[in-house]
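The lines below spell out each chain.
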Amino acid sequence: MEIKDGNESAKEISFRCVQCGFSVTTLYIQYSPGNIRLMKCGNCKAIADEYIECELMILVIDLILHKIRAYRHLFYNRFSCETLHNEGLLWKLSLGFLILDAYQMLVVCTTQDEKSLSASFASFLGLSGKVLTGVFFGNLIFLGIILFGTRRFLNAKIGDSRCKHILLSILVSSYFKIFLIAMMVWEFPSSVVFIINMFVLSSNALALLVITDAVMIRCIWVCFAAHAMKFLVTQGLGAYRKLVLW
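Residues numbered from 1 in each chain as written. Predicted model: local features only at pLDDT ≥ 70, side-chain atom pairs only at ≥ 80, totals over all residues. Heavy atoms only, no water.

- Under the annotation held in an unreviewed UniProt entry, the chain carries the name Protein ARV 2 isoform X2 and is attributed to Nicotiana tabacum.

### So, the pairing of strand β4 (residues 28-32)
Argument step 1. When β4 meets strand β5 (residues 35-38), the two strands line up antiparallel, connected through four bridges. Across the sheet, Q30 pairs through a bridge with I36, a residue of β5.
Argument step 2. Counting the residues in the hairpin turn of β4 and β5 gives two residues, including G34, whose phi is positive at 85°. (Pairing = 2+ DSSP bridges. Helix = DSSP H or I, 4+ residues; strand = E, 2+ residues; numbered from the N terminus.)

### Some remarks on the nonpolar core
Argument step 1. Residues Y71, F75, I146, L208 and C219 are the most contacted members of the largest nonpolar core, which totals 30 residues.
Argument step 2. Those elements that place two or more of their residues in this core are α1 (56-64), α2 (68-78), α6 (121-152), α7 (160-172), α9 (191-212) and α10 (216-245).
Argument step 3. Considering every element that reaches this core, the biggest residue donor is α9, with eight residues.
Argument step 4. Each residue touching F75, except ones within four places of it in the same chain, is listed here: H165, S169, V172, S173, A207, V210 and I211.
Argument step 5. Core analysis: the second largest hydrophobic core is formed by nine residues, L180, V193, I196 and V200 among them. (Core = buried A, V, L, I, M, F, W, Y, C linked by side-chain atoms within 4.5 Å. Buried < 20%, exposed > 50% of the residue type's maximum accessible area, 1.4 Å probe, protein only. Contact = heavy atoms within 4.5 Å.)

### Points about α1
Argument step 1. By the burial criterion, the buried members of α1 are L59, D62 and L63. What you see down the axis of α1 is that its buried residues fit within an arc of 105°, all on one side.
Argument step 2. Summarising the contacts, the buried residues of α1 are in contact with α2.
Argument step 3. Looking one or two places after α1, you find H66, whose phi comes out positive at around 60°. (Arc of directions from axis to C-beta.)

### Remarks on the packing of α2 against α9
Argument step 1. Following both chains from N to C, one finds α2 and α9 inclined at 65°, their axes separated by 10 Å at the closest point. Handedness of the crossing formed by α2 with α9: right-handed. Between α2 and α9, the residues in contact are I68, Y71, R72, F75 and Y76 and S203, L206, A207, L209, V210 and I211, respectively.
Argument step 2. Residue composition of the contact of α2 with α9, grouped by class: nine nonpolar, one polar and one charged. (Axes fitted to C-alpha atoms, helices over the stretch in contact; angles between N-to-C directions. Left-handed = near helix turned anticlockwise from the far one by under 90°. Nonpolar A, V, L, I, M, F, W, Y, C, P; charged D, E, K, R; others polar.)

### What to know about the packing of aromatic side chains
Argument step 1. Summed over all chains, the structure comprises eight aromatic pairs.
Argument step 2. Taking the centre distance of 6.3 Å and the plane angle of 85° together, the rings of F148 and F153 count as edge-to-face.
Argument step 3. According to the relative accessible area criterion, F153 is partly exposed, its value standing at 43%.
Argument step 4. Relative to F224, the ring of W221 lies with its centre 5.8 Å away and its plane at 90°, an arrangement referred to as edge-to-face. Within this pair, W221 and its partner F224 are both found in helix α10, separated by three residues, close to a single helical turn.
Argument step 5. By relative accessible area, F224 is classed as partly exposed at 44%.
Argument step 6. Every member of this aromatic cluster is reached through a ring pair, and the members are Y175, F176, F179 and F199.
Argument step 7. Over the ring of F153 we find R152; its NZ or CZ atom is 5.4 Å from the centre of that ring.
Argument step 8. The ring centre of F142 lies 5.1 Å from the NZ or CZ of K230, which sits over that ring. (Phe/Tyr/Trp six-rings, centres within 6.5 Å; stacked < 30°, edge-to-face > 60°. Lys NZ or Arg CZ within 6 Å of the ring centre and 35° of its normal.)

### Things to note about the environment of N204
Argument step 1. Looking at where N204 falls in the secondary structure, it is placed in helix α9.
Argument step 2. A C-alpha to C-alpha distance of 9.5 Å links N204 and F224, two positions 20 residues apart in sequence.
Argument step 3. Beyond its immediate chain neighbours, meaning those up to four positions away, N204 contacts F142, I170, S173, S174, C223 and H227.

### Focus on the pattern of salt bridges
Argument step 1. For the coordinates displayed, the defined rule picks out five salt bridges.
Argument step 2. Among the ionic pairs, D101 bridges to K177, the shortest N-O distance being 2.8 Å. Of this pair, D101 sits in helix α4 (residues 87-108) while K177 sits in the loop between α7 and α8 (180-185); the two residues are 76 residues apart in sequence, bridging distant segments of the chain.
Argument step 3. For D101, the salt bridge is made with K230, and the minimal N-O distance between the two is 2.5 Å. Of the two residues, D101 sits in helix α4 while K230 sits in helix α10, which places them 129 residues apart along the sequence. Comparing D101 with K230, the two get one shared label, buried.
Argument step 4. Residues participating in the shared-partner salt-bridge network are D101, K177 and K230. (Salt bridge = Lys/Arg side-chain N within 4 Å of Asp/Glu carboxyl O.)

Below is the structure:
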């Protein structure tokens, strides 16, 4: 009978119990294909990670419900060492994040005249410049505050691999932004964008909590400061552009 260790392909990564966050060496033992036994946590004595045997949709639902055990499974037990060092994945996630951010700014920070299809080519270039500038500087400030706040207030060391882990967690935990795609098909009031941003903020805070093991209230304040400064920078650039054109 062949016995396989559940972490044989990712020995560098510390697995976590999704219930209490305690480090575990093995999530399961595989005796044969399709025949596995889930391991128990040495701290809380519960099954270390029951999501191993769950369907993906159950994990998605628990992520939407902001269950911390789903985030622990995703960031510690689902992501492998290869995932954290996969530059292509980070670039794809970053590109998708920026595209959705650009559409969000287009919805919130532009007037009806700027959105009009009858606008001139010069107006289109001006609008594109406004959106791209806002997205670039807004997210630069946003990421800077996240990293600074993580190091200063959450007492987490910031190294190269740590930065990638934090960046990946922020990008993945911003999955609520995908609901902006629905606004491309159906007409919604712009206030829906702010509701989506509130869900993104809370999801980002929970992701930081899982990654840093810090206090929840500090994670919320770090994410709130980052999102607030991003909003102010975006609005400020839009107001400055209108003032210059006037």
